[in-house]
Amino acid sequence: MNIYVCVKHVPDSAATITVEGDNAINEKITWLMNPYDEHALTEAARIKAAGKAVEIVAVCLGKPAAENTLRSAMAMGADRSILIETDQYHDSIITARALAAAIRKDGTPWIIFTGKESIDSEGMQTQFRLAQHLGLPVATNVIKINADSGGVTVECEREAGTIDVYRMAAPCVVGAGKGLNNPNYPTFPDIVRSRKKPVKRIDLAEQAIDRPAAGMQIRELVPAVEQRTPKALAGSAADIAAQIVDILKNEAKVI
Amino acid sequence: MQPIGLLIEFKGGQIKPANFGMATAARAENRQLVALVVDTPANDAKAALEAYGVTRVVNIRTDSNGWNPAVHAAAVVAAMQENGITTLIGLTSPTGRELLPRVAARLDAPLVMDCIDIDLDAHRVKTSQYSGKTIATISMTGSHFIYGMRANVVAPEEAPAAAEVIDFPFAADQGSGFEVIETRTDGSGSQHLAESDIIISGGRGLKNAENFKLLFDCARHLNAAVGASRVAVDNGWVPYAMQVGQTGVKVNPKVYMAVGISGSIQHFAGMKTAKTVIAINTDAKAAIMANCDYFVVGDLFDILPALEKALASVKR
Ligand SMILES: Cc1cc2nc3c(=O)[nH]c(=O)nc-3n(C[C@H](O)[C@H](O)[C@H](O)COP(=O)(O)OP(=O)(O)OC[C@H]3O[C@@H](n4cnc5c(N)ncnc54)[C@H](O)[C@@H]3O)c2cc1C
Ligand SMILES: Nc1ncnc2c1ncn2[C@@H]1O[C@H](COP(=O)(O)O)[C@@H](O)[C@H]1O
């Protein structure tokens, strides 16, 4: 029984993004593991540490450089990893097919973790498509999980103050939310150990996935420019309060 | 007439106002607006939907006894098929984030969430990527098209019509391996951030959990929602659901007030599309002060009580 963790290689949230050509970005920036996937990995490691006999396998569809994210995953507790290599950008319809095919071929999943969303394409959907391809139940934005051999009981934060509790039969797909845990960042010895762990590379083109009839194509990418012109509000606290009320009333028209 | 499905959401028995903006965006001569209402008495909603041009209300009734995203999504797919609907629009709300991707996965259909612009004829949308640093134009191909709209991008405009109400009973498949144990609500989420017109957020400058009361006091007068920076959340002052930003909620209000928040790149990622941004900060050099519409160089502990007083005395 394996725990699979889908990890995406994404630009650092603090990186400056510049557009190249019509629909691509300059990739010479810092790339990291998608932050939600760090929560997923930390949770997988926690479940393993609790004595459940499992192997943790990190899976990624990405360009060759995505190996770095798989190395981080192995430093954070994955035992081995699979890189589905490609030289292009792919939408979540293809991504989910590729991840499903790689997991199906590799072994028997117990839990498949993903993050709740990726911070680059902000798709919010890969976990659901993956679950559909594998015929498994799925829950997302999971902030608490109790796993046993039969399945998992999860708590999902739907919105402020609303928690849904679901029971899913194993195998199942779990989309990690931020509230799940504090990521367990690797120590130097972890990093050294991870260098010896195996990365299996498979070429996306050689994966037996059907060509979908549907797709999502990025036609154009432009920088979001919205430089505002700040105006100062000054005076006593009461003066400032009055000016804010005036803005709310006469400019924003919300009162 | 091409039927366009609108996934309708309710809050406290009322249709969420952002649904009317969605109807407005979808309306055109050659289209018929079909409202999909799941496990909510649709008759109460009929008049409100008619005012915005809906001509058919599909009253989906499942056997799920309350919220169940797996059953609700299956029911929406069945109702779409029954009504010849190949285009579905919903909100990028907590409910939309659960149902729209499940619907898209079932239909193996393209889906773009958080659209800020939708061209239903060309199947082309705009959405932000890379935490709001770029705007992508995405074209979709397939036999079905699913769209998640960002709330408040289109202002609602009335266009009265008459609607028929059709009942659509749905029985879920057994043995899906997915079961709802319970839904717990503590009542704190009365206003969801993503759909609020006015948001007042606090950061490290608030110093502790108790001081957030200053924000809630102002918010009450405005029917505003209260948000927070990650620092406030990580310190345990407020729940994660209140976090605005790249790894929190992305909001699109008419007014965003950032109080004691420095304006990190990750915070901006969640609120940069706000119409008017007002910042209150003791540090004139904080990043937020250089990219807002109005800034106050001052101590929030002076300004907020004065603001609360001013708001309390506004006649409306
Ligand atoms: C991967 C990743 C994801 C992240 N995601 C998010 C996210 O989703 N949302 C988010 O917010 N952050 C996020 N962050 C964190 C972000 O980088 C910043 O650390 C955070 O936004 C700072 O919060 P802050 O503005 O409250 O605190 P600070 O940066 O410490 O700013 C506090 C401000 O309060 C002001 N202040 C202090 N006292 C007063 C007073 N009495 N009156 C008025 N002003 C006062 C100070 O001058 C200062 O400008 C993320 C970081 C990473 C690495
Ligand atoms: N290329 C990828 N490789 C591995 N996992 C991915 C990839 N794309 C998305 N995922 C997983 O799916 C989750 C949701 O992604 P998204 O649908 O893009 O928001 C991410 O948090 C990852 O766990």
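Rules behind the numbers
- Residues numbered from 1 in each chain as written.
- Chains lettered and ligands numbered in written order.
- Predicted model: local features only at pLDDT ≥ 70, side-chain atom pairs only at ≥ 80, totals over all residues.
- Heavy atoms only, no water.
- Phe/Tyr/Trp six-rings, centres within 6.5 Å; stacked < 30°, edge-to-face > 60°.
- Helix = DSSP H or I, 4+ residues; strand = E, 2+ residues; numbered from the N terminus.
- Buried < 20%, exposed > 50% of the residue type's maximum accessible area, 1.4 Å probe, protein only.
- Lys NZ or Arg CZ within 6 Å of the ring centre and 35° of its normal.
- Pairing = 2+ DSSP bridges.
- Right-handed = clockwise from strand over helix to strand, strands pointing away.
- Near = heavy atom within 4 Å.
- Polar contact = N/O pair within 3.5 Å; in protein donor to acceptor, adjacent residues only side chain to side chain.
- Areas by Shrake-Rupley, 256 points an atom, 1.4 Å probe, with all protein chains shown as cover.
- Nonpolar A, V, L, I, M, F, W, Y, C, P; charged D, E, K, R; others polar.

Novice: Would you mind going over the packing of aromatic side chains in detail, with residue names and values included?
Specialist: Evaluated as defined, the whole model comprises 2 aromatic pairs over all chains. Each ring, one from A:Y166 and one from B:F178, has its centre 4.7 Å from the other, and the planes form 40 degrees; the classification is tilted. Here B:F178 lies in strand 12 (residues 178-185) and A:Y166 lies in strand 11 (residues 162-169), a pairing that spans two chains. Overall, A:Y166 belongs to the buried group, its relative accessible area being 0%. The class of B:F178 is buried, set by a relative accessible area of 9%. The aromatic ring of B:Y294 is capped on one face by A:K231, whose charged end is 5.3 Å from the ring centroid. Lying across the ring of B:F178, B:R102 places its NZ or CZ 5.2 Å from the centre.

Novice: Explain the pairing of strand 16 (residues 276-281) of chain B residue by residue, including any values.
Specialist: All names here are of chain B. Most of strand 16 sits out of view: 6 of its 6 residues are buried. By the alternation rule, side chains of strand 16 split into T276, I278 and I280 and V277, A279 and N281, which are all buried. Pairing of strand 15 (residues 255-259) with strand 16 involves 5 bridges; the strand directions are parallel. Within strand 16, the position partnered with V259 by the bridge is I280. In this region the chain leaves strand 15, passes through helix 7 (residues 265-271) and returns to the parallel neighbour strand 16; the handedness of that crossover is right-handed. Sheet analysis places strand 16 next to strand 17 (residues 294-297), joined by 4 bridges and oriented parallel. Within the sheet, the bridge partner assigned to I280 lies in strand 17 and is V296.

Novice: Could you give an account of the site of ligand 1, with specific residues and numbers?
Specialist: Lining the immediate surroundings of ligand 1 are 28 residues, of which B:R204, B:S229, B:T247, B:S262 and B:N281 lie closest. More than a single chain frames ligand 1: its nearby residues are located in chains A and B. A distance of 2.8 Å separates an oxygen atom of ligand 1 from a polar atom in the side chain of B:H267. About the coverage of ligand 1: the protein hides 79% of its 1,000 Å² of free accessible area. Where the shell around ligand 1 is concerned, the elements lending two or more residues are helix 6 (230-234), helix 7 and helix 9 (300-312) of chain B. When its residues are assigned to classes, the shell around ligand 1 shows 6 nonpolar, 17 polar and 5 charged.

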